[in-house]
Amino acid sequence: MDRDERSAAPPPSQSSSSPPTSSRPRPRSEPSPSQSPPSSAAESAADPSAPARPQPEYRSRLRERVGEQTLPILLGITALALVLRVVRLGERVAHWDEGRVAFDTIRYAETGIWEYRPIVHGPFLPHVNDVVFSALGPTDFAMRLVVAVVGGLLPLAPWLFREHLRDLEVVAVGAFLAFNPILLYYSRFMRNDVLVATFMLFSLGTFVRFADTKRVRYLYAGFALAALGFTTKENAIVFVLCWLGAGALVLDTALFRPHARRPTRAYLRDQYDHVRERTRDLDLGRVLGYYAGHLVFAVALGALILIYFYAPRTGGTGVGFERLASRPDLFPAVADQAFADFWEGITDWGDKSADDEGYDSVIDRLQDYVGRFGRALAAYAPALSVFAVAGIVGERYLADRPRSIVLFFGYWGLVSVPGYALGMDIWATWALVHALVPLAFPAGVALAWVLERGLESIDDVRDGRRSRSADAVLSVAIAAILLVSMLAIAGGTAFDPGNTRESGEDHIVQYAQPNQDVRETLADVESVVEATDDPVLYFAEEYAIDNESAAYRPPVADRWTENEDGHRERLEDNGNWYRRLPLPWYMERAGAERLSAHDEDELDELLRTESPAVVITHEEHDGVNNEELVDRRAGEYVKVVHEMRSPGDETVFYVRTDALEALDSDSDSDSPS
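Each chain carries its own residue numbering, running from 1 in the direction its sequence is written. Local features are withheld for residues below a pLDDT of 70 in this predicted model, meaning they are given only at 70 or higher, and side-chain atom pairs are given and counted only at 80 or more; totals for whole chains, interfaces and linings count all residues. No hydrogens and no water enter the side-chain calculation; it runs on all heavy atoms of the structure.

Caption draft 1: The arrangement of the overall build of the protein chain in detail. Across its full length, the protein chain holds 25 helices and 11 strands. Accessibility here uses a 1.4 Å probe with only protein chains present; expressed as a share of the type maximum, an area under 20% marks a residue as buried, one over 50% as exposed, and anything in between as partly exposed. Here the protein chain holds 673 residues, and 52% of them are scored as buried. Taking as baseline every contact in the protein chain between residues at least 6 positions apart, the subset at least 24 positions apart corresponds to 76%. If you sum the accessible surface of the protein chain, you get close to 30200 Å²; carbon and sulfur atoms cover 57% of it. To qualify as a helix, a DSSP run of H or I must reach at least 4 residues; to qualify as a strand, a run of E must reach at least 2; elements of each kind are numbered from the N terminus. Residues are treated as being in contact if the distance between any of their heavy atoms lies within 4.5 Å. Accessible surface area values rest on a Shrake-Rupley calculation with a 1.4 Å probe, where residue burial reflects the displayed protein chains alone.

Encoded structure:
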């Protein structure tokens, strides 16, 4: 039985675990190259007056070979995608966002205390990376590994839609998802955008497979994957809203039939008769009860996943998830707190999205961000963008029978561009991940059309039909240019750790990415701290905080009290800790003690009494040249200056000379003579 027959076959009706069904196998006819297949077999059967679809007189032998090897080819693309995401994964210095979440994960591992905070997005990464760090150690490679693996599996998602896409289209969509430079770059970045996009796409795919096959395992997988999506980032709710909106547009497209041979009323009547025919011999009560029961359990599975990730960890006291083993009676309280935190994240993300700070109106922000999106797409996703537009236009206006699934992805992707322009609180190209994933599907449809023409032309040339040699050359040239352009852009972004944001607001590298030349200095700092066990001193108002122990349990926060007049009074100002990022991640894994000096007197005292291994300060703050102040006192230190984010934001490192010399001496003695 081939794939088409298997997908149409009913689930076993004799088993007690399956409902009765009277479905018959419905083989899917192969569409001609110039036509798109119907969106479903039901649609084709519902319009008996429609002419029979012509069968192709000639089919490319090369295309047949691709069709026979669709899954192996897709697995090969996925394997290459995984390799591209893992090679040199730990080479780039941590971005500020990466450093914050990685620091929180180390503290969670040390204390056993964790609580959800919307500002760092979902709880998935802290919990999963806690396990990864325990196995591999806290490194830049380890912190990005989960995102790289999940992002590397993204090209497999089109396989779930194989009943609605032709074989070559499945392969082409997988290629776009594997090699697009933006998707590749942020698959090598410890953020949640690729995670939520991947989980939600696979969730949608399993729901489609459930509709295709009626097998309940896809129902469970769909809810489990959707729940995982909601544990990664709060904008998972936007995916659901996009699905509903795209579905409504697809339905409108199907029902709006002003030039159709049969009007909408007749079309709906045909659909109704078709459903009645298929369900005539079914025990509807038993069938509905069967699926309703599984739906309840699938929803419960998703809820348990949310509880596991969102529930607080309290270090063995209070209402914490880890106490459920000994105190199962706490489950209602733990679940209640988990769902309260989950909903807080959804509402907090919506509130930030509605903030128009820095703009006169929401329209001004929309115009600015959409323009930036367009420039970023032109620079980093030109091939996918052009083919996506071609695929949407071709499917909507040129195909004999537009396929609902292609239009669905097209509408979803198009609305995501202005949608995320409205929903972002800061500008960054990582938001384009959420538009590029759905747009890869119509882009793959258009690319497959080009490849099909090329494969058929190549067969013609090999058989002596020279008239189509120009088509073959053109198709091969287009495919080659596409591949080379994607790999060239990817090579200049994802694999170049020195690719920092030197100019332009639409750069793929977000402004909080440190310059790569700080890597060697960070290695020296960590080695010196580990060798001497002496502290790291942060100097001046840009980096100094009032209480270094405030970082013991994130979030690092100010401490307030209420004075006699009833007004809040700040006792500790610790907000500058966040300006240090990503340095706390590197200092914490080195086990460094941290000190702060706010002014020259404190600096003199700590240099004299503590002999810090490293002094770190911002070059200049509020007109005060901090570098000059330290230079006068740090004669026994080696000075290095680095940009820790956008150009002009410079941080000065002073590493104690004797400690560096001791490291060099140890290195020389360990090297073979």
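Back to the text.
Caption draft 2: Just the sheet that holds strand β10 (residues 637–643), in detail. Paired strands, in this sense, are two strands between which DSSP finds at least two bridges. With mixed pairing, the 5 strands of this open sheet are ordered in space as β6-β3-β7-β11-β10. Pairing within the sheet leaves two strands with one partner each, and these edge strands are β6 (594–597) and β10. Strand-to-strand twist in this sheet, taken as the mean axis angle between neighbours without regard to direction, amounts to 20°. Across 4 bridges, the pairing between strand β3 (residues 536–539) and strand β7 (residues 614–618) is parallel. Along β7, the bridge assignment pairs Val536 with Val614. This element, helix α23 (residues 600–609), spans β3, β6, β7 and β10 of the sheet and lies at about 140° to β6. Angles here are taken between N-to-C directions and fall from 0 to 180 degrees, while the axes themselves are lines fitted to C-alpha atoms, restricted in helices to the stretch in contact.

Caption draft 3: Representation of the pairing of β7 within the structure. In terms of burial, β7 is a largely internal element, 5 of the 5 residues being buried. Looking at chain direction, β7 and strand β11 (residues 650–656) are connected through 5 bridges and run antiparallel. Looking across to β11, one finds that Ile616 is bridged to Phe653.

Caption draft 4: Examining the packing of aromatic side chains more closely. Centres within 6.5 Å are what make two rings of Phe, Tyr or Trp a pair, Trp counting through its six-membered ring; a difference in plane orientation under 30 degrees is then read as stacked, over 60 as edge-to-face, and the rest as tilted. For the coordinates displayed, the defined rule picks out 29 aromatic pairs. Plain terms: the ring middles of Phe124 and Phe199 are 5.5 Å apart, the flat faces sit at 70° to each other, and that makes the pair edge-to-face. Of the two residues, Phe124 is situated in helix α6 (residues 124–136) and Phe199 in helix α10 (residues 193–213); the sequence distance between them amounts to 75 residues. Considered together, Phe124 and Phe199 belong to a single accessibility category, that of buried residues. Their ring planes at 45° and their centres at 6.2 Å tell us that Tyr185 and Phe189 sit as a pair that is tilted. On the basis of relative accessible area, Phe189 is assigned to the buried category, the value being 1%. Aromatic ring contacts, followed pair by pair, group Phe161, Phe239, Trp243, Phe408, Phe409, Trp412 and Phe441 into a single cluster.

Caption draft 5: Spotlight on a negative patch on the surface. A grouping of Glu541, Asp546, Asp573, Asp599, Asp601, Glu602 and Asp622 is seen on the molecular surface, where their side chains present a negatively charged patch. Among the secondary structure elements, Glu541 is positioned in the loop between β3 and β4 (559–562). Since its relative accessible area comes to 36%, Glu541 is described here as partly exposed. By definition, no residue in a patch forms a salt bridge, and every one has over 30% relative accessible area; like charges are joined within 9 Å, nonpolar side chains (Val, Leu, Ile, Met, Phe, Trp, Tyr) within 5 Å. When a carboxyl oxygen of Asp or Glu is within 4 Å of a side-chain nitrogen of Lys or Arg, the pair counts as a salt bridge. Note on charges: Lys and Arg go in the positive column, Asp and Glu in the negative column, and His and the chain ends are not counted at all. By convention, the point assigned to a charge is CZ for Arg, NZ for Lys, CD for Glu and CG for Asp.

Caption draft 6: Structural context of the confidence of the model for the protein chain. pLDDT is defined as a per-residue confidence score from the predictor, taking values between 0 and 100. The pLDDT averaged across the protein chain works out to 83; a share of 80% of its residues lies at or above 70. Note on residues 1–18: pLDDT under 50 across the span, and 33 contacts to partners over four residues away in sequence or across chains. Residue range residues 20–58 is modelled with pLDDT below 50. Its contacts to residues more than four positions away, or to other chains, number 89 contacts.

Caption draft 7: Geometry of a nonpolar patch on the surface. A surface patch of nonpolar side chains, amounting to about 440 Å² of accessible area, comprises Val389, Val393, Tyr397 and Leu398. Examined against the element boundaries, Leu398 turns out to sit in helix α17 (residues 382–398).

Caption draft 8: Region of interest: the nonpolar core. The nonpolar core is taken to be a set of buried Ala, Val, Leu, Ile, Met, Phe, Trp, Tyr and Cys residues, with the residues joined through side-chain atoms within 4.5 Å. Judged by nonpolar contacts, the single largest core of 140 residues is most densely connected at Phe161, Phe176, Tyr186, Leu201, Phe373, Phe409 and Trp412. A per-element tally of this core places helix α19 (residues 433–462) first, with 14 residues. Beyond its immediate stretch of four places on either side in the chain, Leu201 contacts Leu154, Ala157, Phe161, Leu177, Phe409, Trp412, Val437 and Phe441. Membership of the second largest hydrophobic core comes to 15 residues, among which are Val615, Leu629, Val630 and Tyr637.

Caption draft 9: Fine view of the side chain of Thr198. With respect to the element layout, Thr198 can be found in helix α10. For Thr198, a relative accessible area of 3% puts it in the buried group. Among the polar contacts made by the side chain of Thr198, one reaches the main-chain carbonyl oxygen of Val194 at a distance of 2.7 Å. Beyond its immediate chain neighbours, meaning those up to four positions away, Thr198 contacts Val150, Gly151 and Leu154. In protein, a polar contact requires one atom able to donate a hydrogen and another able to accept it; more generally it is a pair of N or O atoms within 3.5 Å, and residues adjacent in sequence count only if both atoms are side-chain atoms.

Caption draft 10: Expanded view of α10. Between the first and last C-alpha of α10 there are 30 Å, a value that for 21 residues agrees with the 30 Å anticipated at 1.5 Å per step. For α10, a buried count of 18 out of 21 residues is recorded, marking the element as mostly surrounded by other parts of the structure. Positive backbone phi, approximately 65°, marks Lys214, located one or two places after α10. A helix is expected to span 1.5 Å for every residue after the first.

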